Amino acid sequence: MAEPEAMSLRQLPAVATVLATAEATLLLERHGRVATTDAIRQAIDEAREVLRAAPATAPSATELAQLARERLEARTPGLRPVFNLTGTVLHTNLGRAVLAEAAIDAAVEAMRHPVALEYDLDDGARGERDDHLRSLLRELTGAEDATVVNNNAAAVLLCLNTFALGREVVVSRGELIEIGGAFRMPDIMARAGARMVEVGTTNRTHPADYRNALNEYSGLVLKVHTSNYRIQGFTAEVGARELAAIADAAGVPLLNDLGSGSLVDLSRYGLAKEPTVRQAVGEGARLVTFSGDKLLGGPQAGFIVGDSTLIEQINRNPLKRALRVDKLRLAAIEATLKLYRDPDRLAERLPTLRFLARGKADIEAQARRLQPAVAERIGDAFVVEVGDCLSQVGSGALPLDTLGSAALIIRPRGSQSGLERLAAALRALARPIIGRIADGALRLDLRCLAEADETLFLAALAQLDATGLAARTP
Ligand SMILES: *Cc1c(COP(=O)(O)O)cnc(C)c1O
C-alpha cells in the first residue's frame, strides 16, 4: 500500500534524467560536469527532505535543473569587486591599494606573453628576477641595492633569519608591535630563529640601553616604525641616525622596518609627514624594509633596500626562494615604481594617492550630486543626507591623522534594525556596497568612489529591493 509521501518520493527524477534536460545542458556548458552533477544531486536531496516533511507533488526534472542553476550561480566568487565606502582608503580586508592603470596593463601583458623574467636579453643567458626593479629602487631610495619578497612581513622575517639565526636581535620595548593578521614582532623573531633582546621600557629607551645590550652574539639591531600606534607623554626614543652610529660602532647592522614607508614626501599632497625610505637610508640604517601595498600604492610586496653586501647575503638565503614574487606582481611593481619618477603627475595616476589627496569640497560636491538618486533608490523607509565625516589612511599608516571628507548619511525612519538590514542588503548586491554604521546611521564615505564609477554605483544600487526593505521596516 503506497503512502502518498512514498509515491511522490518515487516520482523524484533521477540525476541522469535531470542531466538530460535542456536546462542542464546549459549548466554543463557553463559549469562543467562535476559541479553540475553535484548541484543536481544536492537539489534532489533537498527536494527529498521537503517531500518527507510534507507530502506534495515532486518537482519535475526541469524544475530540479533550475534549482541546481540557482545553487550554482549563487555561488559567488570570493574575490568580488566591491565599492569601498568605508572611509578607510587602504582597507586591509578590502585588498589595500587599488592599482594604477599602468600597473594593471603591465600585469596583464605579463600574463598574456612569455616575459624575460630571469633571462638576460643582452647575452642570452640566465638573469636575475630582481634585476628589473633593482635600479629603479636604487634611484628612488638612494640605497646601494634592493631585493623584493612577498610582503613586508616576509622582508622582516628574511632579514632576521639571514643575520640573526641563532644570534641576538636588540629592540626597544616601545617598538614590539603587533600588526593586523597576527604579525607580532616577538613571534616573528622566534620563527626566524633569532633571540630577542628587549631594551628600555615601554615609554622610554635611551642610547645606553642599546649600547649595554650589544655584544659578540648580536646579529642585528632592529628599529620598528610604530606605524599603527603612538606612545605619547613622558617618552624617549633613540632616533635612527643615532642608533645607526651605535650599531656601526658595535659592527652590527641596523635594520629599520618602516612598515608603510613612502617614496615621496606626502606633505606635498596635503597629507601628514611619514618618513620616506630615502630619509631612512640617509640616516644610516644598513637595511630598510617597507610594504608594496600600503602608502606606496602598488601590489602586495615587501622591499628590502640597503648595503649591497648585506643584500647579497639575503639573496643567498634559501628562504628568499620561498618568499619570492611572481611575474605578475613584478610587472605591476615595476610599473608602479616608474610612476614615482614623475611626482608632479603621481596624484593623478596613482589611485591611492588620488583618493588620499582628494579635497573635502570635491567629495561633498559628489555627495550632493548623488544624494537625490540614492535617496530615491533606498526608498521612503530611510532619510539620506549629505554630511561631514572623517576618512582614514588605513593599514596602520598615519594612525592619528584623519582626513576631512563627506558622506551620504542614511538613517532609518523606523527602528534601528532597519539599518542593519539595509547594510546587509547593500552587501548582498551583485557589486556589494560597503559602508560603516556609526551613531545610528549608515555612512557611505565617498572619498574612494571615483567619478568614473558613479554610474556603476547607481546601477548597483538600482538592484536594491527598496519595497522589500520598506515592508520589513516597521
Ligand atoms: C604593515 C607593517 C608590516 C607588515 O607589512 P605587510 O606588507 O603587511 O606584510 C611590518 N612592519 C610594520 C612596521 C608595518 O607597519
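Structure's up top.
Residues numbered from 1 in each chain as written. Predicted model: local features only at pLDDT ≥ 70, side-chain atom pairs only at ≥ 80, totals over all residues. Heavy atoms only, no water.

Colleague: I'm lost on the pattern of salt bridges in this one. Help?
Modeller: Counting across every chain of the model gives 30 salt bridges. A salt bridge links Arg69 to Glu23; the shortest N-O distance between them is 3.2 Å. Here Glu23 lies in helix α3 (residues 22–31) and Arg69 lies in helix α5 (residues 61–74), a separation of 46 residues in the sequence. Take Arg69: its relative accessible area is 26%, and that puts it in the partly exposed class. Overlapping salt bridges bring together Glu118, Arg126, Arg129 and Arg324 as one network. (Salt bridge = Lys/Arg side-chain N within 4 Å of Asp/Glu carboxyl O. Helix = DSSP H or I, 4+ residues; strand = E, 2+ residues; numbered from the N terminus. Buried < 20%, exposed > 50% of the residue type's maximum accessible area, 1.4 Å probe, protein only.)

Colleague: Help me understand unusual backbone geometry in this model?
Modeller: Negative phi is the rule for most residues except glycine; trans is the rule for most peptide bonds. Even without being glycine, Arg96 reaches a positive phi, approximately 55 degrees. Tracing the chain through its elements places Arg96 in the loop between β1 (83–84) and α6 (101–112). Judged by relative accessible area, Arg96 falls into the buried class, the value being 18%. Its identity is not glycine, yet Asp439 carries a phi of approximately 50 degrees, on the positive side. You can see Asp439 is positioned in the loop between β16 (436–438) and β17 (441–445). A relative accessible area of 69% places Asp439 in the exposed class.

Colleague: What's the story with helix α8 (residues 152–164) in this structure? I'm lost.
Modeller: Since the α-helix turns once every 3.6 residues, residues separated by three or four places project in the same direction. Its 13 residues give α8 an end-to-end C-alpha distance of 18 Å, which sits within 8% of 18 Å, the value for a rise of 1.5 Å per residue. Along α8, 12 of the 13 residues are buried, which leaves the element largely enclosed by surrounding structure. Buried within α8 we find Asn152, Ala154, Ala155, Val156, Leu157, Leu158, Cys159, Leu160, Asn161, Thr162, Phe163 and Ala164. (Expected span 1.5 Å × (residues − 1).)

Colleague: Explanation requested: the site of the ligand in the structure shown.
Modeller: Contacts to the ligand come from 14 residues, most closely from Ala153, Ser227, Asp257, Ser291 and Lys294. At 3.0 Å, a side-chain N or O of Arg96 approaches an oxygen atom of the ligand. In this structure, Ala153 approaches the ligand through a main-chain N or O atom, which is 2.9 Å from an oxygen atom. Contact with the protein chains hides 94% of the accessible area of the ligand, taken as 380 Å² for the molecule alone. If you list the elements that add at least two residues to the shell around the ligand, you get α8 and β10 (254–259). Here the shell around the ligand is composed, by residue class, of 5 nonpolar, 6 polar and 3 charged. (Near = heavy atom within 4 Å. Polar contact = N/O pair within 3.5 Å; in protein donor to acceptor, adjacent residues only side chain to side chain. Areas by Shrake-Rupley, 256 points an atom, 1.4 Å probe, with all protein chains shown as cover. Nonpolar A, V, L, I, M, F, W, Y, C, P; charged D, E, K, R; others polar.)

Colleague: Sorry, what's going on with the packing of aromatic side chains here?
Modeller: In this description, a pair of aromatic rings is defined by centroid distance and the angle of the planes. The final tally for this structure, using the stated rule, is 2 aromatic pairs. Where Phe290 meets Phe303, the ring centres are 5.0 Å apart and the plane angle is 25 degrees; that geometry is what we call stacked. Remark: Phe303 occurs in strand β12 (residues 302–306) and Phe290 occurs in strand β11 (residues 287–291); sequence separation between them is 13 residues. For Phe303, a relative accessible area of 1% puts it in the buried group. A cation sits over an aromatic face here: Arg204 above Phe234, 3.8 Å from the ring centre. The ring of Phe355 carries Arg354 above its face, with NZ or CZ at 5.9 Å from the centroid. (Phe/Tyr/Trp six-rings, centres within 6.5 Å; stacked < 30°, edge-to-face > 60°. Lys NZ or Arg CZ within 6 Å of the ring centre and 35° of its normal.)

Colleague: How do you make sense of the side chain of His91 when you look at a structure like this?
Modeller: Structurally, His91 is set in the loop between β1 and α6. What makes His91 buried here is its relative accessible area of 18%. If we skip the residues at most four places from it in the chain, His91 touches Asn84, Thr86 and Arg96. (Contact = heavy atoms within 4.5 Å.)

Colleague: I would appreciate a short explanation of the sheet that holds strand β9 (residues 218–224) in the present structure.
Modeller: Pairing between the strands of a sheet comes from backbone hydrogen bonds, and it takes one of two forms, parallel or antiparallel. Taken in spatial order, the 7 strands make up an open sheet running β4-β12-β11-β10-β9-β5-β8, and their pairing is mixed. Since the sheet does not close on itself, it has two edges, and those belong to β4 (145–149) and β8 (195–199), each with one partner. Averaged over all adjacent pairs, the angle separating strand axes in this sheet is 25 degrees, with direction ignored. Sheet analysis places strand β5 (residues 168–172) next to β8, joined by 5 bridges and oriented parallel. Along β8, the bridge assignment pairs Val170 with Val197. (Pairing = 2+ DSSP bridges. Axes fitted to C-alpha atoms, helices over the stretch in contact; angles between N-to-C directions.)

Colleague: Any chance you could explain the nonpolar core here in plain terms?
Modeller: Nonpolar side chains tend toward joint burial in soluble globular proteins. Ranked by size, the top nonpolar core spans 59 residues in total, and within it Val288, Phe290 and Leu337 carry the most contacts. Those residues in contact with Val288, other than ones at most four positions away along the chain, are Leu255, Asn256, Leu258, Val277, Ala280, Val281, Phe303, Ile304 and Val305. (Core = buried A, V, L, I, M, F, W, Y, C linked by side-chain atoms within 4.5 Å.)

Colleague: Before we go on, may I ask you to explain the side chain of Arg447 in this structure?
Modeller: Within the element layout of this structure, Arg447 appears in the loop between β17 and α20 (454–462). It is Asp445 that comes nearest to the buried, bridge-free Arg447 among opposite-charge side chains, at 4.9 Å. Among the polar contacts made by the side chain of Arg447, one reaches the main-chain carbonyl oxygen of Phe355 at a distance of 2.8 Å. Within polar-contact distance, the side chain of Arg447 engages the side chain of Ser391 at 2.7 Å. If we ignore the near neighbours within four places in the chain, the residues touching Arg447 are Val89, Phe355, Leu356, Arg358, Ile363, Ser391, Leu403, Gly404 and Ser405. (Lys, Arg positive; Asp, Glu negative; His and termini not counted.)

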